[in-house]
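Architecture and fold: a report
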There are 2 protein chains.
Amino acid sequence: MEAKKILLPEREIPRQWYNILPDMPNPLQPPLHPGTGQPIGPEALEPIFPMPLIEQEVSQKQFIEIPEEVLDKYLLWRPTPLYRAYHLERHLGTPARIYFKNEGVSPPGSHKPNTAVAQAYYNKISGTKRITTETGAGQWGSALCFACNLFGIEAKVFMVKVSFYQKPYRRLMMEVWGGNCIPSPSNETNAGRAILEKDPDSPGSLGIAISEAVEAAVSDPDTKYSLGSVLNHVLLHQTIIGLEAQKQLAMLGEYPHVVIGCAGGGSNFAGLALPFVRDKINGKEVDIIAVEPASCPTMTKGPFAYDHGDTMRLTPLLPMHTLGHGFIPAPIHAGGLRYHGMAPIVSQLVVDGLIRPEAVHQLETFKAGITFARSEGFIPAPETDHAIAMVIREALKAKEEGKEKVILFNWSGHGLVDLAAYDAYMSGKLSDYELPEEEIQRALAEIANLPKPKIKGR
Amino acid sequence: MEAKKILLPEREIPRQWYNILPDMPNPLQPPLHPGTGQPIGPEALEPIFPMPLIEQEVSQKQFIEIPEEVLDKYLLWRPTPLYRAYHLERHLGTPARIYFKNEGVSPPGSHKPNTAVAQAYYNKISGTKRITTETGAGQWGSALCFACNLFGIEAKVFMVKVSFYQKPYRRLMMEVWGGNCIPSPSNETNAGRAILEKDPDSPGSLGIAISEAVEAAVSDPDTKYSLGSVLNHVLLHQTIIGLEAQKQLAMLGEYPHVVIGCAGGGSNFAGLALPFVRDKINGKEVDIIAVEPASCPTMTKGPFAYDHGDTMRLTPLLPMHTLGHGFIPAPIHAGGLRYHGMAPIVSQLVVDGLIRPEAVHQLETFKAGITFARSEGFIPAPETDHAIAMVIREALKAKEEGKEKVILFNWSGHGLVDLAAYDAYMSGKLSDYELPEEEIQRALAEIANLPKPKIKGR
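Everything numeric here is computed off the predicted structure, so don't read it as measured data. (Residues numbered from 1 in each chain as written. Chains lettered and ligands numbered in written order. Predicted model: local features only at pLDDT ≥ 70, side-chain atom pairs only at ≥ 80, totals over all residues. Heavy atoms only, no water.)

The partner chain B presents 53 residues to the 53 residues of chain A that form the contact. Taken together, the connections running from chain A to chain B amount to 4 salt bridges. Among the salt bridges present, the one from A:Glu10 reaches B:Lys5, with a minimum N-O distance of 2.9 Å. Inspection of the region where chain A meets chain B yields 26 residue pairs in polar contact (both at pLDDT 80 or more). Residue assignment for the side of chain A that touches chain B shows that the elements contributing at least two residues are helix H2 (68-74), helix H3 (86-92), helix H5 (139-150), helix H7 (168-176), helix H14 (362-376) and helix H16 (419-426) of chain A. Of all the elements, H7(A) adds the most residues to the side of chain A that touches chain B, at 6 residues. (Contact = heavy atoms within 4.5 Å. Salt bridge = Lys/Arg side-chain N within 4 Å of Asp/Glu carboxyl O. Polar contact = N/O pair within 3.5 Å; in protein donor to acceptor, adjacent residues only side chain to side chain. Helix = DSSP H or I, 4+ residues; strand = E, 2+ residues; numbered from the N terminus.)

Here it is as structure tokens:
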């Protein structure tokens, strides 16, 4: 009988998050004001974020204490099990040893609450009464409602209208946790009303929802805004994944040759990967792969440039890999991987050659997801399927080469409320879509007049 | 920081199931032939079940080895965590210590795979190529497909037609695991064709689906049939829940004053409870509560009688609490608790005074489920909400009495694919329904001419 789950005792849960900012070979370049193009300081973020999160956003401390109250909530599902994927290995006939960190065991079913709980806590101690956010398919919105409920904060989620009606299950999760989820564009903000006036039947977009959520936060002193990916403090909170995984692998005397995660805004990937990037900076040999959809190839095809985080160009310019703020992603089923940009930390580490980006096609990802579900049992989220597709490629390469590689990946969430996507795949309704070269040219033109980040020596 | 999860190391997973048959103060009375009313022996079950399961159905061995191959699959999600529900305790302000066994961590999200995996294994070693079953809302069907896939057996699930179209997520889970799920009544069996001939638009029923699944099994020597509850061998496989819980509580030096589970056919309840019933038989004081819906009050209002397991009266007569085989349950949202009968083992133990049945109303259960989700985070299945409603009653009683009671309950599954039920509750569309006395009279009349079980001294 082989041990399948490496369980970290609760008392050994990491007490600090890992902050990679001071360890980066090339420091992160500052955000710029969307209007003036001048560097902005942390104080510019005060209207939308509470001070402790702003401090974390620019902190140069290598490790940051996790507050007791956050640990208390983490323990509802953390430490998450590290699984050895014996059944998948056998199915592939690979000599590789495959491990995955099961972040699907959290109540909302993904890694998102790692930062949602932390953000809700810091808002709570800063006197915030209400948090607003936007959500597309609903993973982030549900995690934020879950977290706000734990700390007695009101949550208001602007959900892209078309998803609000097409994907009711995530919305219902928000409501079970007492959250307030409204279809965007809404009548509650100037931004929403302006859109509705022009087009009463607007299906909404993430760009519009961001504008509504930010406006709702800025216009009320008791309300703050919250983001589920991209920013430094979000990635910081997610590092508990990689820190736990390092402890769990150490219990077995293992160290990974390959570390894999899917990347949309970059948070689940960075959460697992950054502690290993630290080792790599310190001389350890490890291949760290960020997997994105071929239809939204931010890192593999997009330039490293300053760009806005939102379509309406209201947010600061961030130095990142981008497909342009006007990018309209193909309607692939991994909703969490359809963002035009990438976390600045991940982007800079790609530039620095510490992270290897790879793109995979949609059909390969669903095939991989079904292979996983039929060997390991658990049904992965369509986003997670991207990581699994790369794991299978690496495991088959190890088989060809006859190498006993250790592969570690982040099983970022389950797919139980995404089964319609599997249905579309199994009934042959999905296809692959490779971003045409013209789209890259369009992105380049779109950002041509924006300031350029410096690319330092690699 | 309080430890919330009591994790049993994989190497300490129980190696045997507990069989209560030899320990029962009054032995189970035999099943009777549906036509002749005469006792039938195990050999009568050979056309539908493989021999190892038939042997377990009547075994007098107190402990039965769990095969290595079954343990290997169990480890995909077992041992399941035992949780201390601190946040719920605090919310209720109770001195009670509340523990729950989280069976929702299995890939299909409930306790059902504990027996599905065992049944698939015994079928595999008996040469079965295909297993048929019926499913209502889909919990059992999805668990069986998950298990069959692990052992390379074909699964064919007859799903009640109205659920097939209204609840696609469970069907999709079956298909992701390679199962074949078809709406019943179907054209594949005589039973199905007969119904369709009379009513081409028949919405189907569990009774019809059972007939189809049994017919499909009987008419092909390589095909067997499988049941997800009620029978002795099913309850046997579920006892791993209670055996694990006993080990986990022992790690803390705790023993429950109250053990609670919801009961439809009886399998998740018995899985947790039977090892504690054993202790009770041996003199331990423990209150063991089986919770059923007030709208389907099998144990609290139905007589203990011989009755058929199916509407069409094809299955053997079993000695059980029953509302009559013609009972049509109210359309409550806990689909798994709408069965007219109850496992003979559970029924006999109720008669013997070892198990205390209680009925709760639907609105109380959803209120309890939301209280749980807002304190402990995890969203429970509507069935599980019945257990939680009783836990809250007991915890509040302990508060009134100022007693430090230990309450243990089975968190039989999560509600992530049952969110439409919560939606109906939150939007005020649900109501309570108490079974009218006439229905009990109808049940009594229906079974009046059937043989009677002996009720031995209590």
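Formed by 166 residues in total, the largest nonpolar core has its most connected members in A:Tyr74 and B:Tyr74. For this core, the element with the highest residue contribution is helix H5 (residues 139-151) of chain B, accounting for 9 residues. Residues in contact with A:Tyr74, not counting those within four places in the same chain, are A:Ile13, A:Trp17, A:Ile66, A:Pro113, A:Asn114, A:Val117, A:Ala118, A:His237 and A:Ile240. (Core = buried A, V, L, I, M, F, W, Y, C linked by side-chain atoms within 4.5 Å. Buried < 20%, exposed > 50% of the residue type's maximum accessible area, 1.4 Å probe, protein only.)

The subject of this paragraph is the relation of the copies chain A and chain B. For the pair chain A and chain B, the best superposition has an RMSD of 0.0 Å and corresponds to a rotation of 180° with a translation of 0.0 Å parallel to the axis. Taken together, these values place the two copies in the relation of a two-fold axis. A high fraction, 100%, of the interface residues of chain A reappear at the interface in chain B, so the copies pair face to face through one surface. (Least-squares fit on C-alpha atoms with pLDDT ≥ 70 in both.)

To characterise two packed helices, one gives the angle between the axes of the helices and the distance between these axes. Residue and element names in this part refer to chain A. Running from amino to carboxyl end, helix H12 (residues 267-281) crosses helix H13 (residues 344-351) at an angle of 45°, the nearest separation of the two axes being 11 Å. Between H12 and H13, the angle is such that the two are oblique. Once H12 is placed against H13, the crossing between them reads as left-handed. Only Ile345, Val346 and Leu349 of H13 make contact with H12, whose side of the interface consists of Phe269, Ala270, Leu274 and Val277. Looking at side-chain class alone, the contact of H12 with H13 contains 7 nonpolar, no polar and no charged residues. (Axes fitted to C-alpha atoms, helices over the stretch in contact; angles between N-to-C directions. Parallel < 35°, antiparallel > 145°, perpendicular 65-115°, else oblique. Left-handed = near helix turned anticlockwise from the far one by under 90°. Nonpolar A, V, L, I, M, F, W, Y, C, P; charged D, E, K, R; others polar.)

We now examine helix H15 (residues 382-401) of chain A. Across its 20 residues, H15(A) extends 29 Å between first and last C-alpha, which sits within 8% of the 28 Å expected from 1.5 Å per residue. Across the 20 residues that make up H15(A), a large majority, 14, are buried. (Expected span 1.5 Å × (residues − 1).)

This part takes up the side chain of A:Thr223. Residues and elements named next belong to chain A. Along the polypeptide, Thr223 turns up in strand E9 (residues 223-225). Accessibility expressed as a relative area gives 2% for Thr223, which makes it buried. For Thr223, the side chain forms a polar contact with the side chain of Arg130, separated by 2.8 Å. Only 2.7 Å separates the side chain of Thr223 from the side chain of Asp220, close enough to count as a polar contact. Excluding anything up to four places from it in sequence, Thr223 contacts Pro47, Thr128, Arg130, Thr132, Ala216 and Ala217.

Residue and element names in this part refer to chain B. At their nearest, the axes of helix H4 (residues 113-125) and H5 sit 8 Å apart, and the two run at 40° to each other. One way to sum up the angle between H4 and H5 is to call them oblique. Taken as a pair, H4 and H5 cross one another with a handedness that is right-handed. In this structure, H4 uses Pro113, Thr115, Ala116, Val117, Gln119, Ala120, Tyr121 and Lys124 to contact H5, whose residues at the interface are Trp140, Ala143, Leu144, Phe146, Ala147, Cys148, Leu150 and Phe151. The residue makeup of the contact of H4 with H5, split by class, is 13 nonpolar, 2 polar and 1 charged.

Another aspect to go through is the environment of A:Arg313. All names here are of chain A. For Arg313, the position within the fold is in the loop between strand E12 (304-308) and strand E13 (317-321). Note: C-alpha distance between Arg313 and Trp140 (173 residues apart in sequence) is 22 Å. For Arg313, the residues in contact, after removing those within four places along its chain, are Pro34, His308 and His325.

Right, let's talk about the environment of A:Val234 for a bit. When you line up the elements, A:Val234 lands in helix H10 (residues 232-238). Excluding residues within four positions of it along the chain, A:Val234 makes contact with A:Thr115, A:Gln119, A:Leu227, A:Gly228, A:Ser229 and A:Ser267.

The next subject is the pattern of salt bridges. Residues and elements named next belong to chain A. One pass over the full model with this rule turns up 48 salt bridges over all chains. Across the salt bridge formed by Glu244 and Arg78, the nearest N and O atoms sit 2.9 Å from each other. With Glu244 in helix H11 (residues 240-252) and Arg78 in the loop between H2 and strand E4 (82-84), this residue pair connects regions lying 166 residues apart in the sequence. Arg78 sits in the buried class, given a relative accessible area of 0%. Through salt bridges that share partners, Asp287, Arg356, Glu358, Glu394, Lys397 and Lys405 make up one connected network.

Once that is clear, we can look at H5(A). Because each turn of an α-helix spans 3.6 residues, side chains separated by three or four positions in sequence point in the same direction. Residue and element names in this part refer to chain A. Its 12 residues give H5 an end-to-end C-alpha distance of 17 Å, which sits within 8% of 16 Å, the value for a rise of 1.5 Å per residue. By the criterion of burial, H5 is predominantly enclosed, with 12 of the 12 residues buried. Residues of H5 that are buried include every one of Gln139, Trp140, Gly141, Ser142, Ala143, Leu144, Cys145, Phe146, Ala147, Cys148, Asn149 and Leu150, and no others. One or two residues past the end of H5 sits Gly152, with phi positive at roughly 65°.

For the rest of this paragraph, the subject is unusual backbone geometry. Leaving glycine aside, a negative phi is the common case for residues, and trans is the common case for peptide bonds. All names here are of chain A. Here the amide bond leading from Arg78 into Pro79 is cis, since omega sits at -10°, within 30 degrees of zero. With respect to the helices, strands and loops of the structure, Pro79 is situated in the loop between H2 and E4. The amide bond that connects Ser184 to the next residue, Pro185, takes the cis arrangement and shows omega of 10°. Note that Pro185 resides in the loop between strand E8 (180-184) and helix H8 (190-198). Backbone geometry at Val230 places phi at a positive 70°, although glycine is not the residue there. Here Val230 shows up in the loop between E9 and H10. Val230 gets classed as buried once you look at its relative accessible area, which sits at 7%.

A few words on the packing of aromatic side chains. Per the counting criterion, the structure on display carries 41 aromatic pairs over all chains. Ring centres of A:Trp17 and A:Tyr122 lie 6.5 Å apart, and the angle between their planes is 55°; on these two criteria the pair is classed as tilted. Residue A:Trp17 is found in strand E2 (residues 16-18), and its partner A:Tyr122 is found in helix H4 (residues 113-125); the two are separated by 105 residues along the sequence. When the ring of B:Tyr83 is compared with that of B:Phe100, the centres are 4.9 Å apart and the planes differ by 15°; the resulting orientation is stacked. Highlighted residues: B:Tyr83 in strand E4 (residues 82-84) and B:Phe100 in strand E5 (residues 97-102), separated in sequence by 17 residues. In this structure, B:Tyr83 and B:Phe100 share a single accessibility class: buried. Over the ring of A:Phe164 we find A:Arg171; its NZ or CZ atom is 4.9 Å from the centre of that ring. Geometry around A:Tyr255 places A:Lys284 over its ring, the cationic atom sitting 4.3 Å from the centre. (Phe/Tyr/Trp six-rings, centres within 6.5 Å; stacked < 30°, edge-to-face > 60°. Lys NZ or Arg CZ within 6 Å of the ring centre and 35° of its normal.)

Turning our attention to the confidence of the model for chain A. Taken residue by residue, chain A gives an average pLDDT of 95. The fraction at 70 or more is 99%. At the level of chain-chain contacts, confidence expressed as ipTM amounts to 0.95, with global pTM at 0.96. (pLDDT = per-residue confidence, 0-100.)

Residues and elements named next belong to chain B. Of all 5 residues that make up strand E13 (residues 317-321), 5 are buried, and the element is covered over most of its length. Across 5 bridges, strand E12 (residues 304-308) lies against E13 in antiparallel orientation. Looking at the pairing, Phe304 lines up with His321 of E13. (Pairing = 2+ DSSP bridges.)

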